[in-house]
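For reference, the chains in residue letters:
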Amino acid sequence: MRGSESNEMSFPIERVRAEFPALALTDGGRPRIYLDNPAGTQVPKRVAEATARALLETNANLGGYFVTSRQAEQTIEDARERVAQFLGAASSREIIVGPSMTSLTFRLSRALARRLAPGDEIVVTRMDHDGNISPWLAAAADRGLVVRWLDFDRDSWRIEPSALDRVLTHRTRIVALNYASNLTGSINDVRTLVERIHAAGALAYVDAVQFAPHGFIDVAHLGCDFLACSSYKFFGPHMGIVYGRESLLEDLEAYKVRPATNDLPWRFELGTPQIELFAALGATIAYYDWLGEELGEQGDTRAKMRAAFAASRQWEEQLARRLIEGLQHLEGTTIFGITDPASAEDRVPTVSFVHAAISTDDIAKAMADRNIFVWSGNNYALELVRTLGLNEEAGVVRIGAAHYNTAAEIDATLEALEEYVRSRAALSSR
Ligand SMILES: Cc1ncc(COP(=O)(O)O)c(C=O)c1O
């Protein structure tokens, strides 16, 4: 065992794990080690049960006078209300839900670009997932906008305010940036960056997909205009969510069918919603209530969520430290991202690396053979991979912990990696 286990006892890891039935599954007698969390997390039982209940008991389209239709509407209202609480939004009218963050961002970027004129500028970063880049590039191509690229700092692995200042001009209209990187795991100081974006007269569209599973979000505190996340990354159903400031949404013209309401947020939600997934979404947020209560928090829902994230982050920081230390001891590896334990709070527990002699795919496959789930590739952080000078397809090996992972799982993964790297070295020296 690496490191000390002593301060790990305060987090109710066994009770947390018991909430997620998939964590107990085995394949051919081998346990699964889920470290593919940045690509998608497992769900608590209550989330799957809520989906089943919605389909089995209250399945109907919206707008009818009969009981199931009214129940389906209630399901959506409840879920939206909970998501508003989860993000610290002032109203559920600010919560747009759809199939994925990417599809919603294309949708919102089109509506926003309608108001822009040729020569207006938008800023995208070299740190973002392409879901927060390509929609803006497409909008720029359609409307004759100027695209400015914002680099991350190679030492801090974050977007430095001074770099932002260099790309902002009086023509900047929108800055699209992320809260946390899906590849390096580093967290941006969004509040500070948003202040500067606003001072330049532009809007901030924040991709919080990778932050949301690991940190307490408060859109009011951040001051951002839009914030996107995906519930399947934080223990929920496959859905995307965008918070938009009500006064801005009110002014935005949506691409929609004529008979559909122009009310908020409905004007941005096209066609019949995935009602059973809304049920799951509500249950996902309720899970944080449960976790907060397990941790002894007696306050309101936000207080419980805050407690849940505070404890989860502490737990995850230990996992990340263990993982990083182990990878640093593994001959031939290079980690891309913050490794200094003193800056642990500036990262989520997503750790990416390459090996000098073994391909990323080979490593991911070798881990899969041992039932350890990790990812290889660019993870759609295409610009980031290019900036690092890595092969675009091969990218990195990405290992991403969640609050339900254990130190033993990290150790087993490190041992498997060590054994695999040793066996490859032995083969090549023959
Ligand atoms: C940082 C980030 N942004 C956006 C996305 C895209 O999310 P979705 O699959 O909901 O479109 C992902 C998915 O991996 C991501 O990691």
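Being a predicted model, the structure only gives us computed values, none of them experimental.

**Q** Got a sec to walk through the overall build of the chain? Specific residues and values, please.
**A** Looking only at helices and strands, the chain features 14 helices and 15 strands. Rg of the C-alpha trace for the chain: 22 Å, near the compact-globule value of 22 Å for 430 residues, within the 12% margin. Partitioning the contacts of the chain with sequence separation of at least 6, the portion at a separation of at least 24 is 70%.

**Q** Would you mind going over the packing of helix α3 (residues 67-87) against helix α10 (residues 275-294) in detail, with residue names and values included?
**A** At a minimum axis distance of 8 Å, the contact between α3 and α10 shows a crossing angle of 40°. The angle between α3 and α10 places the two elements in the oblique class. As for the relative orientation of α3 and α10, their crossing is left-handed in sense. Of the residues in α10, those touching α3 at A72, T75, I76, D78, A79, R82, V83, Q85 and F86 are I275, F278, A279, L281, G282, I285 and A286. Within the contact of α3 with α10, the residues separate by chemical class into eleven nonpolar, three polar and two charged.

**Q** Quick one: what's the story with the site of the ligand, residue by residue and with numbers?
**A** Taken together, 13 residues lie near the ligand, and S100, T102, H129, N182 and S230 sit nearest. Residues belonging to the shell around the ligand are distributed by class as follows: two nonpolar, ten polar and one charged.

**Q** Talk me through the sheet that holds strand β6 (residues 146-150); I want residue IDs and the actual numbers.
**A** Judged by pairing direction, the sheet is mixed, and its seven strands sit side by side in the order β4-β10-β9-β8-β7-β5-β6 without closing on themselves. Two strands bound the open sheet, and with one partner strand each, they are β4 (95-98) and β6. Averaged over all pairs of adjacent strands, the angle between strand axes in this sheet comes to 20°, irrespective of strand direction. Of the pairings in the sheet, the one linking strand β7 (residues 172-178) to strand β8 (residues 203-207) comprises five bridges and is parallel in character.

**Q** Give a detailed account of the domain arrangement of the chain, specifying residues and quantitative values.
**A** As assigned here, the chain comprises domain 1 (6-43 + 302-422) and domain 2 (47-286). Each of domain 1 and domain 2 has a C-alpha centre, and the two are 26 Å apart. At the junction of the two partners, domain 1 supplies 32 residues and domain 2 supplies 31 residues. If you list the elements that add at least two residues to the side of domain 1 that touches domain 2, you get α11 (301-329), β12 (350-355), α13 (382-387) and β15 (396-400). Of all the elements, α11 adds the most residues to the side of domain 1 that touches domain 2, at six residues. In terms of residue class, the side of domain 1 that touches domain 2 is made up of 15 nonpolar, nine polar and eight charged.

**Q** Outline the environment of N391, supporting the account with residue identities and numerical values.
**A** Mapped onto the elements, N391 comes out in the loop between α13 and β15. In the structure, N391 is positioned 223 residues away from L168 in sequence and 30 Å away in space, judged by C-alpha atoms.

**Q** So what about the nonpolar core? Which residues, and what values?
**A** Residues V206, A208, L227 and A228 are the most contacted members of the largest nonpolar core, which totals 123 residues. For this core, the domains that each give at least three residues are domain 1 (6-43 + 302-422) and domain 2 (47-286). V206 has contacts with L177, Y179, V190, L222, C224, F226 and L227, leaving out every residue within four places of it along the chain.

**Q** For the confidence of the model for the chain, give the residues involved together with the corresponding values.
**A** When pLDDT drops low, the exact placement of atoms in the prediction is not to be read closely. Of all residues in the chain, 98% have pLDDT values of 70 or greater, and the mean over the chain is 96. For the chain, the element scoring lowest by mean pLDDT is helix α14 (residues 407-428), at 95; β8 scores highest, at 99. Contacts from residues 1-8, a stretch scored under 50 in pLDDT, to residues over four places away or in other chains number nine contacts.

**Q** Which residues make up the packing of α10 against α11, and what values go with them?
**A** The interhelical angle for the contact between α10 and α11, taken along N-to-C directions, is 75°, at an axis separation of 7 Å. Between α10 and α11, the angle falls in the class roughly perpendicular. Taken together, the residues of α11 that come into contact with α10 (itself represented by Y288, D289, L291, G292 and E293) are T301, A303, K304, M305, A307 and A308. Its residues assigned to classes, the contact of α10 with α11 shows six nonpolar, two polar and three charged.

**Q** Explain the pairing of β8 residue by residue, including any values.
**A** For β8, the buried fraction is high: five of the five residues fall into the buried class. The side-chain alternation of β8 yields two buried faces, one formed by L203, Y205 and D207 and the other by A204 and V206. In terms of handedness, the path from β7 via helix α7 (residues 190-199) over to β8 forms a crossover that is right-handed. Across three bridges, the pairing between β8 and strand β9 (residues 226-230) is parallel. Looking across to β9, one finds that D207 is bridged to A228.

**Q** I'd love a proper account of the sheet that holds strand β11 (residues 333-336), names of residues and values included.
**A** The strand order β11-β12-β15-β14 describes an open sheet built from four strands, whose pairing is antiparallel. In this open sheet, the two edge strands, each paired with only one partner strand, are β11 and β14 (375-377). Each strand of the sheet is rotated relative to its neighbour by a mean of 30°, with strand direction disregarded. With four bridges joining them, β11 and β12 adopt antiparallel strand pairing. Paired with T333 across the strands is H355, a residue of β12.

Reading the values: the criteria
Residues numbered from 1 in each chain as written. Predicted model: local features only at pLDDT ≥ 70, side-chain atom pairs only at ≥ 80, totals over all residues. Helix = DSSP H or I, 4+ residues; strand = E, 2+ residues; numbered from the N terminus. Rg over C-alpha atoms; globule rule 2.2 N^0.38 Å. Contact = placed C-beta atoms within 7 Å. Axes fitted to C-alpha atoms, helices over the stretch in contact; angles between N-to-C directions. Parallel < 35°, antiparallel > 145°, perpendicular 65-115°, else oblique. Left-handed = near helix turned anticlockwise from the far one by under 90°. Nonpolar A, V, L, I, M, F, W, Y, C, P; charged D, E, K, R; others polar. Near = placed C-beta within 6 Å. Pairing = 2+ DSSP bridges. Domains from an automatic or database assignment. Core = buried A, V, L, I, M, F, W, Y, C linked by C-beta atoms within 7 Å. Buried ≥ 20, exposed ≤ 12 C-beta atoms within 10 Å, placed from the backbone. pLDDT = per-residue confidence, 0-100. Right-handed = clockwise from strand over helix to strand, strands pointing away.

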